[in-house]
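The primary structure of each chain is shown beneath.
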Amino acid sequence: MDGSTNSLDDMSAESSTEFPDRLSLMEVRLQAQEDEITLLKSSLADALRKLRLHDQQIPLLKQQLIAVNPAAARVLNQSCYVDGFSKPCRLSTSSLDGLHHTSNSHISNTAENGEGGAKTISSHKPSTSDRCTQTEPWIPNHETVPLALTRAVQSLSLEDALPESAPFADETPIKLHREAENAEEVERGKDQTWSSIVEDAFQPTTMRTLQKQQSKGSEDSQGSCPQTPTSSSPAPPKEPMSSPHGGPLSRIQEGEKMLVRRNSEKSKDSQEKTKQRLSKKAASSTNLLTRSPSLESRAKDLISSTGSQGSRRGTQSQSIKMFIRGRPITMYIPSNIQNYEELKMDLPSQKLDLDWVYGYRGRDCRANLYLLPSGEAVYFIACVVALYHIGNQTQRHYRKHTDCVRCLAIHPDKVRVASGQTAGVDKDGKPLQPFVHIWDSKTLVTLQQIGLGTFERGVGALAFSSSDAGTFLCVIDDSNEHMLSVWDWNKNIKHVEVKNTNEAVLAVDFSLTDTNNIISCGKSHVYFWTMSAGTLTKKQGIFGKYKKPKFVLCFVFSLTGDVLTGDSEGNILTWGKSAADIKTLGKGAKETFQIMKQTRAHEGSVFTMCVLQGGAILSGGGKDRKIIRWSADLAPERECEISEKFGAVRTIADVDGEEMLVGTTRNAILRGTFSDGFVAIVQGHVDEMWGLATHPTQNIFLTCGNDRQVCVWNAEDHKLDWCTTLEESGLCADFSPNGAVVSVGLSTGRWVVLDLQTKEVVSDLTDGNEQLSVMRYSPDGSFLAVGSHDNFIYIYNVTEGGRRYTRFGKCTGHSSFITHLDWSKDGKYIMSNSGDYEILYWDVASGCKLLRNRFESKDREWASYTCVLGFHVMGVWLEGSDGTDINALCRSHSESMVAVADDFCKVHLFQYPCPKPKAPSYKYEGHGSHVTNVRFTHNDSHLLSMGGKDTCIFQWRVKGTGTGDHSKEHLASSSSVCSSSSSPMNGT
């Protein structure tokens with residue numbers, strides 16, 4: 001069994017590479033079939049319309065012909081004997097055009113059949129068992145009439161083409177042709193302007209036309225009916241008479257012989273077969289109208305309705321199409337929406353304010369943690385610079401950056417802050433320009449923006465000058481040459497710019513005593529810069545007899561003015577200026593910077609150093625995770641080791657000489673002392689996150705991601721309650737309705753259930769061998785749906801309060817991996833989305849049955865709404881979206897708004913429902929990567945959004961009507977401030 005499964009998986013993997021081509025080919029075939037069906041429907045409808053019109057015209061033509069020529073009445077009343085059977089003959093319009101009357105009261109009609117035999121037509125009582133229509137004149141005294149000209153055409157009315165169960169309204173002809181076209185327009189989702197098709201009254205043959213036929217005689221008759229000679233006997237014309245339609249009737253030559261065709265081709269059996277064949281064609285064509293699921297419910301209306309404008313408009317409004325990457329997706333309009341076109345999309349009544357930011361970027365950035373005199377720790381994550389008051393446990397946020405912040409520098413006055421960002425790209429992939437902001441940490445007001453259009457790729461390092469009260473700012477960008485520039489930031493003037501090196505540059509700073517001296521370090525280098533007369537000259541530090549490290553990671557200035565560097569070899573090097581070596585370098589040699597002392601500090605790299613007020617030095621290690629306090633002459637005094645779960649030491653900020661803040665490589669900020677140890681005050685994930693779930697009754701939420709961590713957070717206290725590490729990456733999660741357990745889907749098809757109290761795994765199961773993308777409990781908690789990348793949805797019975805799970809069934813029918821799913825409020829049905837933009841519905845109670853008729857689910861109510869494809873959220877998609885632009889969405893519990901996480905670092909807030917394109921929304925920035933998930937808390941007081949690569953969680957406060965008392969109380973008690981407000985945005 002495993003071998004067959006593996007072979008199927010291999011086949012699936014091979015075919016997945018051809019998926020776009022196969023999909024395109026299938027779309028072309030589908031379109032061709034739709035066009036063919038449309039043509040068949042149109043042809044059938046047109047034929048039925050003509051037949052119906054024909055039946056309506058015959059009685060009128062009879063009356064007109066009898067009024068003009070009474071002799072014709074006897075002909076009309078005669079029966080046609082066909083192969084021994086008596087048939088009433090009814091003239092059609094084509095027979096009237098070629099029909100000529102004679103002056104004789106008795107007309108002898110004889111003709112030869114295929115064998116040369118002759119038959120006569122005499123007076124006979126009409127039979128009502130069947131009907132035939134004369135369509136060609138019969139020629140007396142003529143040889144053989146060709147079979148093609150004597151073919152009997154069965155007269156059919158519209159009733160003959162309708163199914164037996166379909167009622168027919170005689171008052172108004174059914175416009176099937178028009179209805180078929182309109183139905184197709186409805187399927188295309190286009191606006192249809194309905195107009196009635198007026199059936200023109202049939203005008204009989206005019207006098208002028210028949211007079212021309214009279215004057216031409218037999219030649220004219222032969223032109224109308226080939227090989228049909230006529231008599232040219234003259235006859236005096238009659239006075240014209242007025243027709244009931246107001247048109248003059250032709251004069252009829254009484255002396256001319258009347259041409260009557262004998263219906264000698266078909267027998268009664270052949271006519272019965274013909275009628276049955278036509279009926280079958282009509283029925284099969286009618287089935288074409290009802291075969292498509294999108295037209296299934298409308299076909300009955302097209303057949304039975306009288307064609308009123310109101311009924312057509314209702315039919316048109318039953319569905320609408322949206323297109324993603326050229327693929328049509330049909331959305332069925334709920335019954336409570338009477339006029340879709342008149343729906344008005346407004347901005348939601350609520351707005352969002354950034355309440356809290358979870359996380360810290362320590363994994364790949366340096367010198368990014370400082371303590372202000374106000375008691376606030378300054379650090380950054382994503383596009384936000386956070387100011388966290390350690391004592392009050394409140395946050396403020398500087399949010400003027402448009403992409404991820406990469407570096408920080410504190411002005412000597414300890415109030416002003418410089419922050420530099422990376423360039424990033426816009427939603428079209430075009431690079432944006434990086435810049436540096438200088439802002440006031442008290443008011444969060446931007447004082448200056450420098451470097452826009454100057455820096456390339458991003459800003460890697462910043463430093464304020466110290467000896468001149470911070471007049472200058474040194475910036476190193478991320479271009480290939482790592483350009484070093486010096487700015488008078490108050491005036492926004494660039495004083496000097498020079499190429500630095502093609503190697504990575506990790507740190508830069510001004511000398512404490514001389515603004516004209518700048519030091520930079522990075523990969524295998526230490527540069528000493530001198531600024532003079534608008535130019536910068538550099539001297540490279542000489543390692544001499546000491547091993548040249550791969551990286552020089554950090555440096556500080558000692559109180560004696562020496563430069564101390566920490567490198568990847570674990571050493572602290574003391575640099576000094578030496579006199580020119582004239583003996584070795586010859587005359588004209590200049591002074592050099594050389595290593596004066598080497599101190600072994602850490603096992604592994606020295607990531608950071610910090611100078612304390614008394615001259616002591618703190619160093620933080622990488623591999624050994626140690627923090628060591630050194631005397632001014634680099635004698636070790638004290639040391640401690642931080643927990644392995646926090647990672648290595650990234651940066652250190654002095655608090656009061658004893659207490660310190662430590663930023664770590666696993667994105668945590670620790671607070672503590674050498675004697676008391678360290679506790680985490682800020683924590684976060686260290687890799688891309690996808691799983692997010694909120695508790696059904698409490699203000700807690702869970703996150704999981706590729707770092708294999710499952711974290712449970714307290715949204716009120718803004719703290720991490722607990723965290724556990726799994727064996728595999730967690731990609732999705734959901735709390736049970738009773739709130740006692742939470743299920744987490746992993747990257748290998750395995751999923752586990754955790755007890756929130758004991759933090760233990762109470763259930764561990766596996767479905768398939770591909771990653772799981774969604775976990776969702778039914779509203780009453782009796783079922784759990786597990787959506788997988790193997791295209792299946794696995795359904796489990798849940799018992800024992802969420803601690804026991806047994807397989808109930810499997811939903812099979814998607815042609816791509818499952819992306820989202822939701823349960824109906826009654827817990828019987830599931831709505832699901834897949835990677836190929838399918839919307840499917842499942843009847844779980846009936847054994848995980850796929851509901852083929854999606855139209856039946858249009859009025860179903862859903863307990864949650866996280867599916868990104870559906871009628872109620874169709875308006876969240878921007879025009880031209882490729883199907884992956886929206887990663888997640890979530891409807892509020894009040895069902896008044898829907899939050900959207902997109903691929904362009906934005907969170908959107910729409911009103912709910914949102915069924916029309918280009919719906920307006922509020923747009924919120926701050927994430928530095930694609931937003932992977934969003935969820936409302938249980939009482940809609942907050943919204944949680946989760947970044948992907950930025951490893952950041954944003955907690956947004958919901959403001960406005962309908963947010964509940966809890967939000968107002970929280971708003972009044974919180975002292976945190978948001979620096980920018982939301983911006984409305986039209987979805988264009």
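Residues numbered from 1 in each chain as written. Predicted model: local features only at pLDDT ≥ 70, side-chain atom pairs only at ≥ 80, totals over all residues. Heavy atoms only, no water.

K.L.:
Please explain the overall build of the protein as it appears in this structure.
P.N.:
Along the backbone of the protein there are 12 helices and 61 strands. Counting all 988 residues of the protein, 53% fall into the buried class. Taking the intrachain contacts of the protein between residues at least 6 apart in sequence as the baseline, contacts between residues at least 24 apart amount to 53%. (Helix = DSSP H or I, 4+ residues; strand = E, 2+ residues; numbered from the N terminus. Buried < 20%, exposed > 50% of the residue type's maximum accessible area, 1.4 Å probe, protein only. Contact = heavy atoms within 4.5 Å.)

K.L.:
Quick question: what am I supposed to make of the sheet that holds strand S57 (residues 931–936) here?
P.N.:
Note on sheets: strands pair through backbone hydrogen bonds, and any given pair is parallel or antiparallel. Read across the sheet, four strands follow the order S8-S59-S58-S57 without closing on themselves; strand pairing throughout is antiparallel. This sheet does not close on itself; its edge strands, each paired only once, are strand S8 (350–358) and S57. Neighbouring strand axes in the sheet, compared pairwise and without regard to direction, differ in orientation by 25° on average. Where strand S58 (residues 942–947) lies against strand S59 (residues 953–960), five bridges are found, and the strand directions are antiparallel. Residue Leu943 lies in a different strand from S59, and its bridge partner there is Trp956. (Pairing = 2+ DSSP bridges. Axes fitted to C-alpha atoms, helices over the stretch in contact; angles between N-to-C directions.)

K.L.:
Just to check I follow, could you spell out empty space enclosed by the protein for this structure?
P.N.:
To find the voids left in a structure, one rolls a probe of water-molecule size over its atoms. Overall, the coordinates contain nine cavities of 30 Å³ or more when judged by the stated rule. Size it by volume and the second largest cavity reaches roughly 140 Å³. Looking at the second largest cavity, it is lined by 16 residues, and the ones nearest its centre are Tyr332, Tyr841, Ser857, Lys858 and Phe871. Secondary-structure elements contributing two or more residues to the lining of the second largest cavity are strand S7 (327–332) and strand S51 (839–843). Tallying contributions element by element places S7 first for the lining of the second largest cavity, with three residues. (1 Å grid on protein atoms, 1.4 Å probe; cavity = no way out; pocket = protein on both sides within 12 Å on 5 of 7 lines; lining within 4 Å. Points joined across faces, edges and corners; volume = space filled by probe spheres on them.)

K.L.:
Explanation requested: the pairing of strand S20 (residues 493–498) in the structure shown.
P.N.:
Each regular strand displays side chains that alternate between the two surfaces of the sheet. Both strand S19 (residues 484–488) and S20 contribute to a ladder of five bridges, which runs antiparallel. When the sheet's bridge partners are listed, Trp487 is paired in S20 with Lys494. Where S19 folds back onto S20 in an antiparallel hairpin, the turn is made up of four residues, including Asn492, whose phi is positive at roughly 55°.

K.L.:
Would you explain unusual backbone geometry in this entry?
P.N.:
Most peptide bonds take the trans configuration, and most residues that are not glycine carry a negative phi. Tyr912 connects to Pro913 through a cis peptide bond whose omega is 0°. Here Pro913 shows up in the loop between strand S55 (907–911) and strand S56 (920–924). Backbone geometry places Lys918, a non-glycine residue, at a positive phi of 60°. Mapped onto the elements, Lys918 comes out in the loop between S55 and S56. Positive phi values are uncommon outside glycine, yet Thr951 reaches one of about 50°. Here Thr951 lies in the loop between S58 and S59.

K.L.:
Honestly, the sheet that holds strand S31 (residues 626–630) in this entry has me stumped. Any pointers?
P.N.:
Sheet architecture is open: four strands sit in the order S29-S30-S31-S32, paired in antiparallel fashion. Only two strands of the sheet have a single partner each, and these edge strands are strand S29 (606–611) and strand S32 (636–641). Within this sheet the neighbouring strands show an average axis-to-axis angle of 15°, counted without direction.

K.L.:
I'm lost on the pattern of salt bridges in this one. Help?
P.N.:
Inspection of every chain in the model, using the stated rule, returns 30 salt bridges. Measuring nitrogen to oxygen at the nearest pair gives 2.8 Å for the salt bridge that ties Lys959 to Asp353. Linking Lys959 in strand S59 with Asp353 in strand S8, this pair joins segments that are 606 residues apart in sequence. Overall, Asp353 belongs to the buried group, its relative accessible area being 14%. (Salt bridge = Lys/Arg side-chain N within 4 Å of Asp/Glu carboxyl O.)

K.L.:
So what exactly am I meant to see when it comes to the nonpolar core here?
P.N.:
If you look at soluble globular proteins, the nonpolar side chains tend to sit buried side by side. Counting residues in hydrophobic clusters, the biggest one holds 33 residues, and the most contacted among them are Ile329, Met331, Tyr865, Leu869, Val876, Trp877 and Leu889. Those elements that provide at least two residues to this core are strand S6 (319–324), S7, strand S50 (829–834), S51, strand S53 (886–891) and strand S54 (897–902). Broken down by element, this core gets its largest block of residues, three residues, from S6. Contacts of Val876, omitting those with residues within four sequence positions, involve Ile886, Leu889, Val898, Val900, Phe910 and Cys914. (Core = buried A, V, L, I, M, F, W, Y, C linked by side-chain atoms within 4.5 Å.)

K.L.:
Even after reading the chapter, I still don't get the pairing of strand S39 (residues 709–714), so can you show me in this structure?
P.N.:
When you tally the buried positions in S39, you get six out of six residues, the bulk of the element. Of the two faces of S39, the one lined by Gln709, Cys711 and Trp713 and the one lined by Val710, Val712 and Asn714 are each fully buried. Bridge count for strand S38 (residues 700–705) against S39 is five bridges, and the pairing is antiparallel. When the sheet's bridge partners are listed, Leu702 is paired in S39 with Val712. In sequence, S38 turns back onto S39 through a hairpin of three residues, with Arg708 there showing a positive phi of about 70°. Bridge count for S39 against strand S40 (residues 719–725) is six bridges, and the pairing is antiparallel.

K.L.:
Explanation requested: the confidence of the model for the protein in the structure shown.
P.N.:
Low pLDDT means the predicted coordinates in that region are not meant to be read closely. Mean pLDDT for the protein: 77, with 69% of residues reaching 70 or above. Taken as a whole, residues 1–18 scores under 50 in pLDDT and shows two contacts with residues more than four places along the chain or in a different chain. Here residues 962–982 is a poorly scored stretch, pLDDT under 50, and it has 43 contacts once near neighbours within four places are set aside; other chains count. (pLDDT = per-residue confidence, 0-100.)

K.L.:
In this structure, what is going on with the packing of aromatic side chains? I would like to understand it.
P.N.:
All chains considered together, the criterion is met by 24 aromatic pairs. Centroid distance Phe792 to Tyr794: 6.3 Å. Interplanar angle 80°. Geometry classified as edge-to-face. Judged by its relative accessible area of 23%, Phe792 is partly exposed. Through a chain of ring-to-ring contacts, the aromatic side chains of Phe528, Phe543, Trp575 and Phe593 assemble into a single cluster. (Phe/Tyr/Trp six-rings, centres within 6.5 Å; stacked < 30°, edge-to-face > 60°.)

K.L.:
What is the right way to read the state of the cysteines from this model?
P.N.:
Simply put, the disulfide is a covalent bond whose two ends are the sulfur atoms of two cysteines. Under the defined criterion, the tally for this structure stands at zero disulfides. Just so you know, Cys704 is unpaired, no disulfide at all, and the nearest cysteine sulfur is the one on Cys732, 6.8 Å from it. A residue is classified by how much of its surface remains accessible, and Cys704, at 0% relative accessible area, is buried. (Disulfide = S-S within 2.5 Å.)

K.L.:
Quick question: what am I supposed to make of the environment of Glu925 here?
P.N.:
Residue placement: Glu925 occurs in the loop between S56 and S57. Spatially, the C-alpha atoms of Glu925 and His908 are 9.1 Å apart, while their sequence positions differ by 17 residues. Leaving out residues up to four positions away in the same chain, Glu925 has contacts with Arg399, Cys905, Lys906 and Trp956.

K.L.:
Just to check I follow, could you spell out the environment of Gly813 for this structure?
P.N.:
In this fold, Gly813 is placed in the loop between strand S48 (804–811) and strand S49 (818–823). Residue classification places Gly813 among the partly exposed positions, given a relative accessible area of 36%. For the pair formed by Gly813 and Phe792, sequence separation is 21 residues and the distance between their alpha carbons is 7.5 Å. Setting aside chain neighbours within four positions, we find Gly813 in contact with Glu838, Leu840 and Trp842.

K.L.:
Is there a simple way to think about the environment of Pro636 in this case?
P.N.:
Here Pro636 shows up in strand S32. Once the C-alpha coordinates of Pro636 and Ile617 are considered, the two residues, 19 residues apart in sequence, prove to be 9.3 Å apart. With near-sequence residues (within four places) excluded, Pro636 lies in contact with Ile628, Arg629 and Trp630.

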